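Next come the chains, spelled out residue by residue.
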Amino acid sequence: MPNKKEKVITRIQELESINLAREEDRDLVVQTKKEVEKDNELLALQINQELRKNNIKSIDVVGAIGAGKTAILEKIVEIIASKYRILVICGDITTRVDADRIQSHNAETIQINTGRECALNAYHIYQIIKNKDLKNYDLIFIENVGNLICPSDFILGTDKRIIIVSITEGEWVIEKHPMLFKMSQIAVINKIDLAKRLGTNVEKMIDDAKKINPNIEVITTSAKTGENITKLIEKLEL
Amino acid sequence: MKEKLEEIEELVNEIEVDILKLQSLFSNFLKKHLKGLIIENYIGEYPTFMEPVILGEKVKIGDDVLIGPYVYIGDNSEIGNYAELSNTIIFDNVRVGTNIKLDNCIVTKNCKLNFNNSNIKNCILKGIANSEKEVLKIYF
Ligand SMILES: Nc1nc2c(ncn2[C@@H]2O[C@H](COP(=O)(O)OP(=O)(O)OP(=O)(O)O)[C@@H](O)[C@H]2O)c(=O)[nH]1
Ligand SMILES: [Mg+2]
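It should be emphasised that the depicted structure is a prediction, and the values quoted were computed from it without experimental measurement.

A.B. asks: Please set out the site of ligand 1 residue by residue, giving values where relevant.
C.D. replies: All names here are of chain A. As a matter of local geometry, ligand 1 sits amid 20 residues, with Lys69, Thr70, Arg101, Asp193 and Ala223 nearest to it. Taking aspartate 193, its side chain carries an N or O atom lying 2.8 Å from a nitrogen atom of ligand 1. Look at ligand 1: alone it shows 650 Å² of surface, and the protein chains cover 72% of it. Those elements giving two or more residues to the shell around ligand 1 turn out to be helix H3 (69–80) and helix H4 (97–103). Top contributing element to the shell around ligand 1 by residue count: H3, with 3 residues. Looking at the shell around ligand 1 residue by residue, the classes come out as 6 nonpolar, 6 polar and 8 charged.

Below, the structure written as structure tokens:
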């Protein structure tokens, strides 16, 4: 009988060689992951069809923690709330802080607390949409959970995706996180009001985004001063 | 909100449930009176909540649970691992087993769903049941 310590060591050696799944479970793990992705895509497609059928424009906002996703949405909503009937779905690990902030600008909001999950997925959005009378809306924004990694695994069925980073995350933030830039149509570099003070190389950030995705439109904004917010609204064709 | 809940509770406890009246009270409660995210006092490990969701006192929630949209859960109720609840009222002191999915349901006070892996829709659930067959279901 090997003692407990030896057993642990053997198991760790096993794990090193098999990438965290037992040999016999490997296929199942791979298969399950593929199926989850496929199901998510299926639901996303369904969401997109439903929204289009009801003439609803939809935009999904992803980006780094604290980059200014909510602040920018507040500004946008403030300007266009008289023109559209807006629903904003906010994803956060916990709290209703973001939904409350946006709601104060006359948009209906729904908060989703993902708990231990680091991104919204199409099933969340599908459940919300299924239970809403879509005739009451012209425009849906979805603010994803703040991070530059997980949301790339789950498309949400929106017409457009915008990605927001900010000056304060350092000029390398874009080149270090290429995935979401590949799958977004507009890249926003926010907190431009701080650029001088921090000496950030904004041109490098713009070049990096273009290098990763030549089709992406890049715009620098400040949710604090309102700089380029109307330009962003134009780019969103709103 | 409490009054509306009491009205529904009274109705589902009658011997002959007035289904039409219940349907209108139920959907009115979910869509008009249930609002926001009131989840301060639950016991559990960060489930997913899609609002509106209102939890009573000391609700116990298992792992990987998905709650909402349109869910009320009463005091001292217990939701098992992997459960999924939407468009549902759960009254006080209820138990929902592992991997049970409820949509458009009302689970009455003290009801125990002591079984696992079920998908139940569009009904009132009553009784103490160790298998799905044993639950008293009234469809609406
Ligand atoms: N100076 C400056 N501060 C900003 C700007 N935009 C946002 N902020 C501030 O940055 C902080 C984070 O902004 P949020 O809007 O909460 O960022 P977020 O991306 O929604 O954050 P999470 O949802 O938590 O990931 C807040 O204190 C904002 O006031 C900006 O353009 N300039
Ligand atoms: Mg936010």
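Next comes the rest of the write-up.
A.B. asks: Summarise helix H1 (residues 2–13) of chain B; cite the residues concerned and give the values.
C.D. replies: Working note: α-helix, 3.6 residues per turn, so residues spaced by three or four point in the same direction. Residues and elements named next belong to chain B. The terminal C-alpha atoms of H1 lie 16 Å apart, and with 12 residues this matches the ideal 16 Å at 1.5 Å per residue to within 8%. Inspection of H1 places Leu5, Ile8, Leu11 and Val12 among the buried residues, and these make up the whole buried set. Taken end-on, H1 shows its buried residues confined to a sector of 125°, consistent with a single buried face. Structural note: H1 exposes Lys2, Glu3 and Glu10 on the side pointing more than 90 degrees away from its buried face. Along its buried surface, H1 packs onto helix H2 (19–33), strand E7 (71–73), strand E9 (84–90), strand E11 (100–107) and strand E13 (118–126).

A.B. asks: Explain the sheet that holds strand E10 (residues 95–96) of chain B residue by residue, including any values.
C.D. replies: Sheet strands associate in pairs through backbone hydrogen bonding, adopting either a parallel or an antiparallel arrangement. In space, the 6 strands of this open sheet follow the order E2-E5-E8-E10-E12-E14 (chain B), with parallel pairing throughout. Only two strands of the sheet have a single neighbouring strand rather than two, namely strand E2 (43–44) and strand E14 (128–129) of chain B.

A.B. asks: Can you tell me about the packing of aromatic side chains, naming the residues and giving the values?
C.D. replies: The tally for this structure, following the rule as stated, stands at 3 aromatic pairs over all chains. The positively charged end of B:Lys31 is found above the aromatic ring belonging to B:Tyr70, 4.5 Å away from the centroid.

A.B. asks: A description of the pairing of E9(B) should follow, citing residues and the corresponding values.
C.D. replies: Residues and elements named next belong to chain B. For E9, a buried count of 7 out of 7 residues is recorded, marking the element as mostly surrounded by other parts of the structure. Bridge count for strand E6 (residues 66–67) against E9 is 2 bridges, and the pairing is parallel. Residue pairing for E9: leucine 66 is matched across the bridge by glutamate 84. In this sheet, E9 lies alongside E7 in parallel orientation, the contact comprising 3 bridges.

A.B. asks: Hey, could you go over the state of the cysteines for me, with residue numbers and the actual values?
C.D. replies: All names here are of chain A. One pass over the full model with this rule turns up 1 disulfide over all chains. In this model, cysteine 118 is linked to cysteine 150 through a disulfide, with the two sulfur atoms separated by 2.0 Å. Negative torsions about the S-S bond denote left-handed disulfides, and the value of about -100° found for cysteine 118 with cysteine 150 makes this one left-handed. Linking cysteine 118 in the loop between strand E3 (108–113) and helix H5 (122–130) with cysteine 150 in the loop between strand E4 (139–143) and strand E5 (160–166), this pair joins segments that are 32 residues apart in sequence. Take cysteine 118: its relative accessible area is 34%, and that puts it in the partly exposed class. Note on cysteine 150: relative accessible area 16%, which makes it buried. Left unpaired, cysteine 90 is separated from the closest cysteine sulfur, that of cysteine 118, by 18 Å.

A.B. asks: Explain the coordination of the magnesium ion (ligand 2) to me, using residue names and the numbers behind them.
C.D. replies: Residue and element names in this part refer to chain A. Donor atoms from the polypeptide that bind the magnesium ion (ligand 2) are Thr70 (OG1), Asp98 (OD) and Glu143 (OE), placed at 2.0 to 2.1 Å. When the donor residues of the magnesium ion (ligand 2) are listed from N- to C-terminus, their spacing reads T-x27-D-x44-E. Taken together, the residues threonine 70 in helix H3 and aspartate 98 in helix H4 connect sequence positions 28 residues apart. The class for threonine 70 is buried, based on a relative accessible area of 5%. Among the residues examined, aspartate 98 registers a relative accessible area of 10% and is labelled buried.

Here is what the cut-offs are and how they apply
- Residues numbered from 1 in each chain as written.
- Chains lettered and ligands numbered in written order.
- Predicted model: local features only at pLDDT ≥ 70, side-chain atom pairs only at ≥ 80, totals over all residues.
- Heavy atoms only, no water.
- Near = heavy atom within 4 Å.
- Polar contact = N/O pair within 3.5 Å; in protein donor to acceptor, adjacent residues only side chain to side chain.
- Areas by Shrake-Rupley, 256 points an atom, 1.4 Å probe, with all protein chains shown as cover.
- Helix = DSSP H or I, 4+ residues; strand = E, 2+ residues; numbered from the N terminus.
- Nonpolar A, V, L, I, M, F, W, Y, C, P; charged D, E, K, R; others polar.
- Expected span 1.5 Å × (residues − 1).
- Buried < 20%, exposed > 50% of the residue type's maximum accessible area, 1.4 Å probe, protein only.
- Arc of directions from axis to C-beta.
- Contact = heavy atoms within 4.5 Å.
- Pairing = 2+ DSSP bridges.
- Phe/Tyr/Trp six-rings, centres within 6.5 Å; stacked < 30°, edge-to-face > 60°.
- Lys NZ or Arg CZ within 6 Å of the ring centre and 35° of its normal.
- Disulfide = S-S within 2.5 Å.
- Donors = N, O, S within 2.8 Å, 3.2 Å for Na, K, Ca; no water.

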